[in-house]
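Secondary and tertiary structure notes
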Amino acid sequence: MNSNGVGRRVAQAAITFLIGVVFLGWMLLWVMIPTNTYTQKWQPKIRARANSTYFGAQGANLLTFVFPVLFMSVLGCIYLHLGKDKHCKKKSGDKTNRLAVWRRPVLVKGPLGIVSGIELTFFAMFVALLIWALTSFLQNSFAEINAKSAHQLGDKPWQEKLESAALRLGIVGAFCFAFLFFPVTRGSSLLPLVGVTSEGSVRYHIWLGHIVMAFFSAHGFCYILYWATENEISQMLKWDKIGVSYVAGELALICGLLMWVTSFPRVRRKMFEVFYYTHHLYFLFFFFFVLHVGMSFFGLVLPGIYLFLVDRYLRFLQSRQRVRLLSARLLPCEALELSFSKSPGLSYSPMSIMFVNVPSISRTQWHPFTVTSNGSLEQDKLSVVIKSEGNWSQKLFQILSSPSPVDHLDVSVEGPYGPASTNFLGYDKLVMVSGGSGITPFICIIRELIFQSSTNEQQAPQVQLVCIFKTSKHLAMIDLLLPLAGNPCDMSRLQLQIDAYVTREKEPNIENRNQKLLRTLWFKPNQSDVPVSAVLGPNRWLWLGAIISCSFVMFLILLIITTRYYIYPIDHNTNKIFPYSSRSLLNMLFVCASIAVTASAAVLWNKKRSAMEAKQIQNMEGITPTASPGSWFYNGERELESLPHQSLRQSVKVHFGERPDLKKILLEYDEASVGVLASGPKGMRHRVAAICSSGLADNLHFESISFSW
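Residues numbered from 1 in each chain as written. Predicted model: local features only at pLDDT ≥ 70, side-chain atom pairs only at ≥ 80, totals over all residues. Heavy atoms only, no water.

**Examining the overall build of the protein**
What counts here: Starting at the N terminus, helices and strands are each numbered in turn, a helix being any DSSP run of H or I of at least four residues and a strand any DSSP run of E of at least two. Accessibility here uses a 1.4 Å probe with only protein chains present; expressed as a share of the type maximum, an area under 20% marks a residue as buried, one over 50% as exposed, and anything in between as partly exposed. It only takes one pair of heavy atoms within 4.5 Å for two residues to be counted as in contact. Shrake-Rupley sampling with a 1.4 Å probe provides the accessible areas, and residues are treated as covered by the protein chains on show and by no other component.
Along the protein, the regular secondary structure elements total 23 helices and 15 strands. The buried share among the 709 residues of the protein stands at 52%. Considering only intrachain contacts with a sequence separation of at least 6, the fraction spanning at least 24 residues in the protein is 78%. Carbon and sulfur atoms make up 59% of the accessible area of the protein, which amounts to about 33,000 Å² in all.

Structure (structure tokens):
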């Protein structure tokens, strides 16, 4: 290893240590908040130092809760930039495999889905934190109430306790709310540090969302009950200028309840569009929540929302562009592969996700799909596979498969987003089990392994793909394992075995044999279209760190100027004159303006630098072949290189009228390290997880790939 590589490793180790120290200190604050030590000793000292004429009452929370998270995020950007060219490759004796026991599924069935030992441990620790916070808050507040005289409380001290419980339920709900948006920040620099992808962490967002709304609902219900017992139900219409606004809180709760109700699986899967559009109420939820609690308390939950807003605005800027669509491969199983022009500077890892929008179908709907192309084999192209299973994808297939298909299609994308490294390259054997369209995440993995084996960079593991289809026409999905024409690849060195199971046919269907299975459409270029590229360019992590740090500094400058020369002359830090709502609105405006200005400047700078490259690609003339590639499954004629497809054909064994014996297949391997990836229907993934967690084989390392929650 050269000195440059050693220096990067040392720098990354130092950054990891520093992030760990800051994170432990930040978490210690959350543990201490419910205690008297924090409220009576720590908090007064922090507020005395931070509550200046420049920051006001929110200075303490900006220092103790916001700054540490943004600091860790910037350090994470530097860490990822240093390791952007390095693949994570597991060896049988490294730390990753030492934690293999903790990564195995512990829960397979139940409301949480497939949960590993690490996930269950951290979830239990988080629940313990919530229980600790609630019990400590209630114990301390009830002790104060009991210490008061009966003359002060009257004959009904339980009403005072009810109000206290209602307040504490809201505070604990804010604890959960503070973590709610970290999992859905797609371009986060924190998630890759713990080996979590944005798509894989969606379920953490779901878990937290249920807990948040349970606490906030209980918070609102208890206050309504308290007001009813006190004959003060009119308090629900109170909007106090100096203090808590109850109306704003009720509006925030209504928005949250609408999002919560429509997010349950039965509603979300049957009425996806209702769920999709209703979930955009989170903007109003933010707005009214800040007006309800004030900016000082909002500082507790600001870090996650701040990083989410940075990511959301960058996604907005990227989505404004129309990308150049090169071709579409249509399959008889109503699946299609879209290929886009890609900027050479765009790099991504296998199993990355890209969100696609087709304005002619819906201007607001964005759908995630696995990137199936390989950046090394296809340096100028990026592809995704779409199975027509919903209304949106069915409309897209109908447009492209019509007798007179369009010669140009406007498409916008966001991403790609993916893991910072690939962990599957170091297994002795890799087993991938898919059902239906679940094969798509494995296409990019196999292409990556083809590249690795052909370049001799690393010994690729033996690969077995077990794919389950309903009918034989779905076998054409296997054709997508190899790139389209013009991308030669050598798969002779890859030890690949494919077992395809057709469950609803006992023999090949003659009708499917006689139809042309693969049809390729080539689209004309448009001068306004651009290649898919990273919104912040090749050095996107450094630019993201610069945006986070510069925008926060700009926010502080605006806050200092406004507080010192506008709010302080009126309020003098008494917090009894200047309206809470006005202060909160100014702070929200400063946050949004700072993010918008810095992010826009960074994107425009990178856009100018890549303008020449984009212009060269736009001027390329599209090539329209005279014939469409066919499928080797049905003796079609191909214009592709024959050797790769002959090798692929020799690797495939088709089983008609049966299902795979997954237990027998998985338990027969004697290799030291076997990676098991499952993608497809929920029941199939659960069966594979149950086998890997049964304890019958210690060499199986399971990972579930799911895009439907």
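**Some points on helix 3 (residues 59-82)**
Quick reminder: α-helices carry 3.6 residues per turn. Residues three or four places apart thus point the same way. Heads up, the condition is: Take the number of residues in a helix, subtract one, and multiply by 1.5 Å to get its expected span. Given a residue, its bend is the angle between the two axes fitted to the seven residues that end at it and to the seven that start from it.
Between its first and last C-alpha atoms helix 3 spans 33 Å; for 24 residues at 1.5 Å apiece the expected length is 34 Å, and the two agree. The sharpest bend along helix 3 comes to roughly 40°, located at V66, with the proline P68 sitting one to four residues further on. Burial analysis of helix 3 places 19 of its 24 residues in the buried class, which makes it a mostly covered element.

**Looking at the pattern of salt bridges**
Condition: Here, a salt bridge means any side-chain nitrogen of Lys or Arg that lies within 4 Å of a carboxyl oxygen of Asp or Glu.
If you walk through the whole model with that rule in mind, you get seven salt bridges. Put simply, E414 and R315 hold a salt bridge, and the shortest N to O gap is 3.3 Å. Of this pair, E414 sits in strand 8 (residues 412-417) while R315 sits in helix 14 (residues 302-319); the two residues are 99 residues apart in sequence, bridging distant segments of the chain. The pair formed by E414 and R315 is uniform in burial state, with each residue classed as buried. The shortest N-O distance in the salt bridge between E337 and R329 comes to 2.8 Å. If you follow the salt bridges from partner to partner, you end up with R186, D311, R315 and E414 in one network.

**Thoughts on the packing of aromatic side chains**
Rules: Stacked, tilted and edge-to-face are the three classes assigned to paired rings of Phe, Tyr and Trp, where Trp is represented by its six-membered ring and a pair needs centres within 6.5 Å; plane angles under 30 degrees give stacked, over 60 edge-to-face, the rest tilted. Think of it as a cone above the ring: NZ of Lys or CZ of Arg counts as a charge over the ring if it is within 6 Å of the ring centre and within 35 degrees of the ring normal.
Taken as a whole and assessed by the stated rule, the structure comprises 39 aromatic pairs. A ring pair is formed by Y223 and Y246, whose centres lie 6.5 Å apart and whose planes are at 40°; its orientation type is tilted. Placement of the pair is Y223 in helix 9 (residues 202-229) and Y246 in helix 10 (residues 246-262), with a sequence separation of 23 residues. Overall, Y223 belongs to the buried group, its relative accessible area being 13%. Pairwise contacts between aromatic rings join F177, F181, F216, Y282, F283, F285, F286, F289, F298 and F308 into one cluster. Between R564 and the ring centre of Y565, over which it is positioned, the NZ or CZ distance is 5.5 Å.

**Some details on the sheet that holds strand 8**
For clarity, the threshold we go by: Strand pairing follows a simple DSSP-based rule, namely that at least 2 bridges must link the two strands. Comment: axis = line fitted to C-alpha atoms, over the contacting stretch for helices; angle = value between 0 and 180 degrees taken between N-to-C directions.
Pairing in this open sheet of three strands is antiparallel, and the strands run 6-5-8 from one edge to the other. Both outer strands of the open sheet, strand 6 (367-370) and strand 8, are each paired with one neighbouring strand and no more. Recorded for the sheet is a direction-independent mean angle of 25° between the axes of neighbouring strands. Bridge analysis of strand 5 (residues 353-357) against strand 8 gives four bridges, and the strand direction is antiparallel. Across the sheet, the residue bridging to F355 is E414, located in strand 8.

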